[in-house]
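Now for the letters of each chain:
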Amino acid sequence: MDGRDLARAVKVFGTVRGLRAARSAWRRRRTDAWGLPPRGRELARVPGTVTGAEPSPGGGTVRFARSELRVAVAAAGVVFWGWDGAGPEPSYALDGAPPRPDPRAELEPDKAGGWRIVSERVTVAVSRHGGVEIRTPGGVVLRRDLPPRWWEPACGGPARWLQRSEVPADARFFGLGGRASGPRLRDGTYRLWNTDPRGSFGPGDDPLYITMPVQLVVADAGTHLAFLDNSWEGRVTLREGEEGAGSGHDRPGTSEVRMAGGPLRCWVVVGTPARVLRGWTGLTGAPVPPPSWALGPQHARWGFGSEREVRRVVAGYRERGLPLSALHLDIDHYDGHRVFTVDAERFPDLPRLAEDLRAEGVRLVSIVDPAVKAEPGNAVYDAGAAAGAFVRDGRGREVRGEVWPGACVYPDFTDPEVRAWWGGLYEERLAQGFSGVWHDMNEPVSFAPFGDMTLPRSARHRLEGRGGDHREAHNVYGLAMARAGYEALRRLRPRERPFLFSRSGWVGMQRYGGTWSGDVATGWPGLRASLSLVLGLGLCGVPYSGPDVGGFDGSPSPELFLRWFQLGAYLPLFRTHAAIGAGRREPWEFGPQVLGHARAALLERERLRPYFVSLAHQARLTGAPYVRPLWWEAPGDRALRDCEDAFLLGDALLVAPVLERGADRRAVRLPRGLWYDTVSGRAHEGPGQVLLEAPLSRIPVLARAGSVIPVRAEGGRIELEVWAPAPGRSGGGAVVEDGSPGARPVVERYASRLVDGRVVVERVSDAGAVRPERAVRVRGGVAARPPGRTQP
């Protein structure tokens, strides 16, 4: 660190904290210098040529001169391959045991000395030099993984490796976790290392808090998802292909993955986007639905400061007729920033506050950071130290970092006993009246003026008893913390659906809750990044997410705040939030015009609450995200594949947010079918592009013809809003009401069609079709058919 680094640290963290952060960073470097010896001379290795094969159920093992490859195909068409003995387990990503191999799929000789496995949905071909091709049943290549290369330290240690892959020339890349520059991933290099970006971020910042080695590839030939199951640090370099490049030949798209260590193994799921996500969440776990109240509007601020201010804000919502479901308390409600404490002076009776707010329909949500102040007399530290719960270095000493409370230690969440101990601490949060938690700073963070703000790479972790260091544990740290919290909430409150969302995580985090954008920068680029993150995470299997509405770090203009608010009203997690000194985020702080338009957005969100609840349970059943790219049902539409400024909310709605300053109309690209403007009722036929009005009072939202949408009517009952089908076409929808945790939800399915110019709506089941018991309201300019029983 030079003088400029130190000056930056002092400016960012304050004089005392800056000096402590610099000291912590130097300590981390010294720890790694001792705990991670230099790699020294390396030996390069490639598989060599094939020498034989040994069949097994669903596939087999192909042996090469210097390596071996295990390949298996599951009954659902999911493919696994792993080099050098790497199997599906152990894995933090998988939800239980891996899928069983398809006994009908057999390893058999292929042309040119290779081998292949043919199954109903996919064909896998292994070349004589170790390349792996994923093909459709018709033989079209979806993905070609070239022979890998390893670099092994001559004196022993983990081998780093490189895997190059090719995809069709027209393919588009999506995924890799939460990326601010997406959802379509352009040419460039993306780091796989969960990172606090040192303050707020925008579209050009990478990496962020959630990185995943997951690629969703969409091409004319088909859609597939590829997951390199390895939690070590890595880099992914993507380059889109070009058709007709170089003497008329196509140049394929390429992916190059470099990992610093760990196993080389891969899962591939093929099919339509819906089938891919169903297979993916079947592999990594179904998304847990949040409680229904967590699908309503929420409000947070770092710096409420007191119980009095909290009550003032909640009263402000109530007096202005603004719905509010939850209010979040940040670290300023802690005593000295120490986790699992309360500042009794500023919040003298937190349980009473929570009880009063709950009587008004508002839940309290608590922040929980993993860093524990390393101070004798701190009850959490004393208990954790006695239990040996904190991460240690190679010499057996507690690893310490610098976070908000000061010098801190970190629980080792990769140890089942530590997860159980930490989970027991959530009883204190529940006793204080909190209904949910949000995990923050869990990449994990240790302030530093240079380098990564995290723990030493040589820090030791249990890793479920296998043992290892932070190079392997870092990316799964937030995931393991989420597991500890979620399992504790289920155990402590078995009759309530847990509510937990986490800033950091990894593949499979949807099993325990959702996430949010983190500290997105206030500004129009930050608004655009908010949508990119939600779309990208949904395609990685994490459907519940949303941004800090208004941005985290600055004071938005009234127009920017309103446009962000209008977008947030159609995202799964709808929460305003801001840092200390960044200005308030209450809608009435931006003037009467913004307040009126924000009220309309809030009321529409509440009206659509039953639809959001249904989407949450459908995500659990099918893996389909609430928020979907426009190409979701038409991945072969290249124009839709390149559209990033609008999205589908479920099957029924198309939302086109305003992402540019001063815009009062915007172009919207429509998928195939008839779409109604939900305000004017005007119909538009897709595919194609239309220009829609976008006054400051609203953003364009269109409903698919034939959709049956559950909405909240007067008195809180659910009614069916039906948008008239186009002549000769039908439609439908589903209603899923929130039930008790663990119970399989009851799905009510509805169909709509035109009969003699009138709309007929039926509830359909295996027993036939009957008239719906719920009230029906038809929109789109066609009258409803009088109720009566209808034959299937």
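1. Focus on the overall build of the protein
Regarding its fold elements, the protein presents 15 helices and 44 strands. Radius of gyration (C-alpha) of the protein: 27 Å, near the 28 Å computed for a compact globule of 792 residues. The C-alpha extent of the protein, read off along each of the three principal axes, is 80 × 75 × 50 Å. Here the protein holds 792 residues, and 60% of them are scored as buried. Long-range contacts, defined as pairs at least 24 residues apart, comprise 68% of the intrachain contacts of the protein with a sequence gap of at least 6. Summed over all atoms, the accessible surface of the protein reaches about 29,800 Å², with 48% contributed by carbon and sulfur. Distance between charge centres in the protein, computed from 107 positive and 91 negative side chains, equals 1 Å.

2. Observations concerning the side chain of arginine 143
Relative to the assigned elements, arginine 143 resides in strand E10 (residues 141–145). Since its relative accessible area comes to 3%, arginine 143 is described here as buried. A polar contact of 3.5 Å, which involves the side chain of arginine 143, links it to the side chain of serine 165. One polar contact links arginine 143 to histidine 224, side chain to side chain, over a distance of 3.1 Å.

3. What about the sheet that holds strand E2 (residues 50–56)?
Read from one edge to the other, the open sheet built from eight strands follows the order E2-E3-E4-E5-E19-E16-E15-E13, with strand pairing classed as antiparallel. Because the sheet does not close on itself, it has two edges, and the strands there are E2 and strand E13 (172–177). Taken pair by pair, the neighbouring strands of this sheet meet at an average axis angle of 15°, ignoring direction. Examined bridge by bridge, strand E5 (residues 79–83) and strand E19 (residues 265–271) share four bridges and lie antiparallel to one another.

4. Some thoughts on helix H10 (residues 477–492)
Taking 1.5 Å of rise per residue, the 16 residues of H10 would be expected to cover 22 Å, and the 23 Å separating its terminal C-alpha atoms lies within 8% of that figure. Taken together, the buried positions of H10 are occupied by Tyr477, Gly478, Leu479, Ala480, Met481, Ala482, Ala484, Gly485, Tyr486, Ala488 and Leu489.

5. Comments concerning the packing of aromatic side chains
For the coordinates displayed, the defined rule picks out 29 aromatic pairs. Here phenylalanine 413 and tryptophan 422 contribute two aromatic rings whose centre-to-centre distance is 5.4 Å and whose plane-to-plane angle is 80°, an arrangement assigned as edge-to-face. One exposure class covers both phenylalanine 413 and tryptophan 422, and it is buried. Judged by centre distance (6.2 Å) and plane angle (10°), the ring pair of tryptophan 438 and phenylalanine 501 falls under stacked. Highlighted residues: tryptophan 438 in strand E26 (residues 436–439) and phenylalanine 501 in strand E29 (residues 500–502), separated in sequence by 63 residues. Grouping residues by exposure puts tryptophan 438 and phenylalanine 501 together as buried.

6. Thoughts on a positive patch on the surface
Where like charges cluster on the molecular surface, the positive patch consists of Arg20, Arg23, Arg27 and Arg30. Relative to the helices and strands, arginine 30 resides in helix H2 (residues 15–35).

7. Topic: the nonpolar core
If you look at the biggest cluster of nonpolar residues, it comprises 194 residues, and the most contacted ones within it are Trp422, Tyr626, Phe647 and Leu649. Not counting the four nearest positions on each side in its chain, tryptophan 422 is found in contact with Val339, Phe340, Val368, Asp369, Pro370, Val372, Pro411, Phe413, Met481 and Ala484.

8. Observations regarding unusual backbone geometry
With the exception of glycine, the majority of residues adopt a negative phi angle, and the majority of peptide bonds are in the trans configuration. With an omega of 0°, the peptide bond between aspartate 206 and proline 207 qualifies as cis. With respect to the secondary-structure elements, proline 207 resides in the loop between strand E14 (188–192) and strand E15 (211–219). Residue proline 444 follows glutamate 443 across a cis peptide bond; omega there is 0°. Relative to the elements of secondary structure, proline 444 occurs in the loop between E26 and strand E27 (460–461). Phi at aspartate 756 takes a positive value of approximately 55°, unusual for a residue other than glycine. Checked against the element boundaries, aspartate 756 lands in the loop between strand E41 (747–755) and strand E42 (758–765). What makes aspartate 756 exposed here is its relative accessible area of 78%.

9. Points about the sheet that holds strand E22 (residues 363–368)
What the seven strands build is an open sheet, ordered E29-E26-E22-E21-E20-E31-E30; its pairing is parallel. The sheet terminates laterally at E29 and strand E30 (548–549), the two strands that pair on one side only. In this sheet, E26 lies alongside E22 in parallel orientation, the contact comprising four bridges. By the bridge assignment, valine 365 is partnered in E26 with glycine 436. This element, helix H5 (residues 350–359), spans strand E21 (326–329) and E22 of the sheet and lies at about 135° to E22.

10. A short note on the pattern of salt bridges
For the structure shown, the criterion picks out 72 salt bridges. A salt bridge links arginine 143 to aspartate 145; the shortest N-O distance between them is 3.1 Å. Overall, aspartate 145 belongs to the buried group, its relative accessible area being 2%. The closest approach of N and O atoms between glutamate 428 and arginine 429, which form a salt bridge, is 2.7 Å. Given a relative accessible area of 22%, glutamate 428 falls into the partly exposed group.

11. Some remarks on the pairing of strand E4 (residues 68–73)
Pairing analysis gives five bridges linking strand E3 (residues 59–64) to E4, with the strands arranged antiparallel. Among the inter-strand pairings, glycine 60 is bridged to a residue of E4, identified as valine 71. Note: E4 against E5, five bridges, orientation antiparallel. Looking across to E5, one finds that valine 71 is bridged to tryptophan 81.

12. Some thoughts on helix H3 (residues 273–284)
Over its twelve residues, H3 runs 16 Å from end to end, which matches the ideal 16 Å to within 8%, given 1.5 Å per residue. Taken as a whole, H3 has its buried residues at Pro273, Val276, Leu277, Trp280, Thr281, Leu283 and Thr284. Down the axis, H3 shows its buried residues gathered within 155° of arc, on one side only. For H3, the elements touching its buried residues are E15, strand E16 (222–228), E19, helix H11 (524–539) and helix H14 (609–622). Once H3 ends, the next one or two residues include glycine 285, with phi positive near 115°.

13. With respect to the side chain of asparagine 442
Within the secondary structure, asparagine 442 is located in the loop between E26 and E27. In terms of polar contacts, asparagine 442 uses its side chain to reach the side chain of serine 502, at 2.8 Å. At 3.2 Å, the side chain of asparagine 442 and the backbone nitrogen of serine 504 are in polar contact. With near-sequence residues (within four places) excluded, asparagine 442 lies in contact with Pro370, Tyr477, Gly478, Met481, Ser502, Arg503 and Ser504.

14. Quick notes on the confidence of the model for the protein
Segments scoring low in pLDDT should not have their predicted coordinates read at a detailed level. Mean pLDDT over the protein: 94, with 96% of residues reaching 70 or higher. Note on residues 1–10: pLDDT under 50 across the span, and 14 contacts to partners over four residues away in sequence or across chains. Note on residues 782–792: pLDDT under 50 across the span, and 26 contacts to partners over four residues away in sequence or across chains.

15. Here we look at the pairing of strand E11 (residues 149–153)
Relative to E11, strand E1 (residues 42–45) is paired through four bridges, and the arrangement is antiparallel. Note that in E11 the partner of leucine 43 across the bridge is glutamate 152. Summarising the sheet, E11 and strand E12 (residues 160–167) pair through three bridges and their orientation is antiparallel. In the strand pairing of E12, tryptophan 150 is matched with tryptophan 161. From the end of E11 to the start of E12, which pair antiparallel, there are six residues, and glycine 156 there has a positive phi angle of about 95°.

What counts, and where the lines are drawn
- Residues numbered from 1 in each chain as written.
- Predicted model: local features only at pLDDT ≥ 70, side-chain atom pairs only at ≥ 80, totals over all residues.
- Heavy atoms only, no water.
- Helix = DSSP H or I, 4+ residues; strand = E, 2+ residues; numbered from the N terminus.
- Rg over C-alpha atoms; globule rule 2.2 N^0.38 Å.
- Buried < 20%, exposed > 50% of the residue type's maximum accessible area, 1.4 Å probe, protein only.
- Contact = heavy atoms within 4.5 Å.
- Areas by Shrake-Rupley, 256 points an atom, 1.4 Å probe, with all protein chains shown as cover.
- Lys, Arg positive; Asp, Glu negative; His and termini not counted.
- Charge placed at Lys NZ, Arg CZ, Asp CG, Glu CD.
- Polar contact = N/O pair within 3.5 Å; in protein donor to acceptor, adjacent residues only side chain to side chain.
- Pairing = 2+ DSSP bridges.
- Axes fitted to C-alpha atoms, helices over the stretch in contact; angles between N-to-C directions.
- Expected span 1.5 Å × (residues − 1).
- Phe/Tyr/Trp six-rings, centres within 6.5 Å; stacked < 30°, edge-to-face > 60°.
- Patch = residues over 30% accessible without salt bridge, like charges linked within 9 Å, V, L, I, M, F, W, Y side chains within 5 Å.
- Salt bridge = Lys/Arg side-chain N within 4 Å of Asp/Glu carboxyl O.
- Core = buried A, V, L, I, M, F, W, Y, C linked by side-chain atoms within 4.5 Å.
- Arc of directions from axis to C-beta.
- pLDDT = per-residue confidence, 0-100.

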